[in-house]
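Reading the structure
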Amino acid sequence: MSLLLSACAASEHPSTPTPVKAAGQLIESVPLDSQFSLPDAGRSLRITYLSTNGITGTGLVPVTAEVILPSGTPPAGGWPVVAWSHGTVGIADSCAPSLHPYTERNRAYLSAWMQRSFAIVATDYQGLGGEGPHPYLNVRTEAYSVLDSVRAALAGVPGLQNKIMLVGQSQGAGAAFGAAAYAPDYAPDLNIRGTVATGIPYMTPDVLNALLTHQEQTSLQAKKAVAQQDPVIAYGLLLGASLANIDPDFKPEEAFTPKAMNAYHAASQVCLAPLMQQVRKDGLTRKNTFTPTMGKALAPAFKAMMYPTLALKQPLFVGTGSGDLDVAASSQIALVKAVCAAGSTVQAHLYKGLDHSQTVLASLPDSAAFTKAVMAGQPVSGSCASNL
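These lines cover the structure that appears in this document, whether it is placed above or below. (Residues numbered from 1 in each chain as written. Predicted model: local features only at pLDDT ≥ 70, side-chain atom pairs only at ≥ 80, totals over all residues. Heavy atoms only, no water.)

**Some thoughts on the overall build of the chain**
Looking only at helices and strands, the chain features 15 helices and 9 strands. Among the 388 residues that make up the chain, the fraction classed as buried is 53%. The contacts of the chain with a sequence gap of at least 6 include a subset with a gap of at least 24, amounting to 79%. If you sum the accessible surface of the chain, you get close to 16600 Å²; carbon and sulfur atoms cover 56% of it. (Helix = DSSP H or I, 4+ residues; strand = E, 2+ residues; numbered from the N terminus. Buried < 20%, exposed > 50% of the residue type's maximum accessible area, 1.4 Å probe, protein only. Contact = heavy atoms within 4.5 Å. Areas by Shrake-Rupley, 256 points an atom, 1.4 Å probe, with all protein chains shown as cover.)

Below, the structure written as structure tokens:
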């Protein structure tokens, strides 16, 4: 009898099923400190969500992001979304953008998007603000982080609608492009309307050769570099430090000279600005930083920078500064040509005399017209037929 009663009691109180975990699942949401939000914003949150591990391509990892809504009543259907992909900040956990106020430039830039009635969903990327290493410039990892941040926000934050612009600068421009490239297979549920990228990286054999043969900037750019330490050195050190956190067989001495080792070790511990200060303090140049075997040593990292396809389903906006020291204008123009050749719709703008950072705000009027068209489902004027 006691066994029968036990069985009946168990049937009346079944165990709670374990929730199925999935990419894009929101697992935590807390108010975002006002100093980390945007001026005149409405509800602001810091969320943690699950994303596919972009390093291995399988399994789930927690990633953090910000969700910032405009003030006021949402439009019918909710606020459309800008999925913001940030530029290089470093690879240490403390560098996660959601742990810091926005820079003056990014505050102005994202506020302009919010004034266009977009909500902002801004991922930190895998490994920044979440567990595990941050695989710097790894396109697949960045793409998954971006796409799953939007999925989590749409599922768990009221007032949003599934109409998305992918927007990014520098490292984030590559992330936005990668998200657009991966989305048809990885996140077909997301209604992506277009991509806006400024200062976008493009890893090709020519770009790698310029890096490995220590080709420094010349002419006007060289004069500017006197006051601004070559940022490519810091990016290379971050690539190496990031790879070391992922691959225990990586040997830094095969990529970097003894003179560069202080800065190499700093790259995994400090954010970008202190790293640049270390590079300047040590008097580093590409020639006295990178070894002849750097290409082979960092081959896995360079491969991870490659986009899975150049044939995008939605239109692409590219803003390039002719005075860009961080990502050569020639490589950005080469990407535009390659994306055109792949059959994509591209609208490219060259901002003469402007550097990597200045191009961000300068591109706003042009990206506004582009965005208005793609959000309305109207054709955009492309640059593929012009002499870029």
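**Some remarks on the sheet that holds strand S3 (residues 60–70)**
Pairing is mixed across the open sheet formed by 9 strands, whose spatial order is S1-S2-S3-S5-S4-S6-S7-S8-S9. Of all strands in the sheet, those bounded by a partner on one side alone are strand S1 (26–31) and strand S9 (346–351). When the angles between neighbouring strand axes are averaged without regard to direction, this sheet yields 20°. Note that strand S4 (residues 79–85) and strand S6 (residues 160–169) share 6 bridges and pair parallel. If you follow Trp-84 over to S6, its bridge partner there is Val-167. Here helix H3 (residues 139–156) sits on the sheet in contact with S1, strand S2 (41–52), S3, S4, strand S5 (119–123), S6 and strand S7 (192–198), set at roughly 125° to S2. (Pairing = 2+ DSSP bridges. Axes fitted to C-alpha atoms, helices over the stretch in contact; angles between N-to-C directions.)

**Remarks on the environment of Ser-381**
Position of Ser-381 among the secondary structure elements: in the segment after helix H15 (364–375). Residue class for Ser-381 comes out exposed when judged on its relative accessible area of 53%.

**Here's the deal with the side chain of Thr-195**
As for its placement among the helices and strands, Thr-195 is situated in strand S7. For Thr-195, a relative accessible area of 0% corresponds to the buried category. Those residues in contact with Thr-195, other than ones at most four positions away along the chain, are Met-165, Leu-166, Ala-176, Phe-177, Ala-180, Pro-315, Leu-316, Phe-317 and Phe-370.

**Quick look at helix H4 (residues 171–186)**
Maximal helix bending in H4 amounts to about 30°, located at Ala-180; proline Pro-184 follows within four positions. A large share of H4 lies buried, amounting to 14 of its 16 residues. (Bend = angle between axes of the 7 residues up to and from the residue.)

**A closer look at the state of the cysteines**
Inspection of every chain in the model, using the stated rule, returns 2 disulfides. Covalently, Cys-95 is tied to Cys-271 through a disulfide, its sulfur atoms 2.1 Å apart. One quick way to see it: the torsion about the S-S bond of Cys-95 and Cys-271 is about -110°, and its sign makes the bridge left-handed. With a gap of 176 residues between them, Cys-95 in the loop between S4 and helix H2 (104–115) and Cys-271 in the loop between helix H8 (261–267) and helix H9 (272–281) connect regions that are remote in the sequence. A relative accessible area of 21% means that Cys-271 is categorised as partly exposed. Note on cysteine connectivity: Cys-340 is disulfide-linked to Cys-384, with sulfurs 2.0 Å apart. Note on the Cys-340 and Cys-384 pair: the S-S dihedral is about -80°, so by sign convention the disulfide is left-handed. (Disulfide = S-S within 2.5 Å.)

**Quick notes on the pairing of S6**
With 8 of 10 residues buried, S6 lies mostly within the body of the structure. Handedness of the crossover joining S6 and S7 through H4: right-handed. (Right-handed = clockwise from strand over helix to strand, strands pointing away.)

**Here we look at the packing of aromatic side chains**
Going through the model one piece at a time under the given rule, you end up with 9 aromatic pairs. Plain terms: the ring middles of Tyr-144 and Tyr-186 are 4.1 Å apart, the flat faces sit at 15° to each other, and that makes the pair stacked. One end of the pair, Tyr-144, is in helix H3; the other, Tyr-186, is in helix H4, and 42 residues separate them in sequence. Each member of the aromatic cluster is reached from another via a ring pair, and the members are Trp-84, Tyr-109, Trp-113 and Phe-118. Above the face of the Tyr-186 ring, Arg-151 is positioned so that its terminal group lies 5.1 Å from the ring centre. (Phe/Tyr/Trp six-rings, centres within 6.5 Å; stacked < 30°, edge-to-face > 60°. Lys NZ or Arg CZ within 6 Å of the ring centre and 35° of its normal.)

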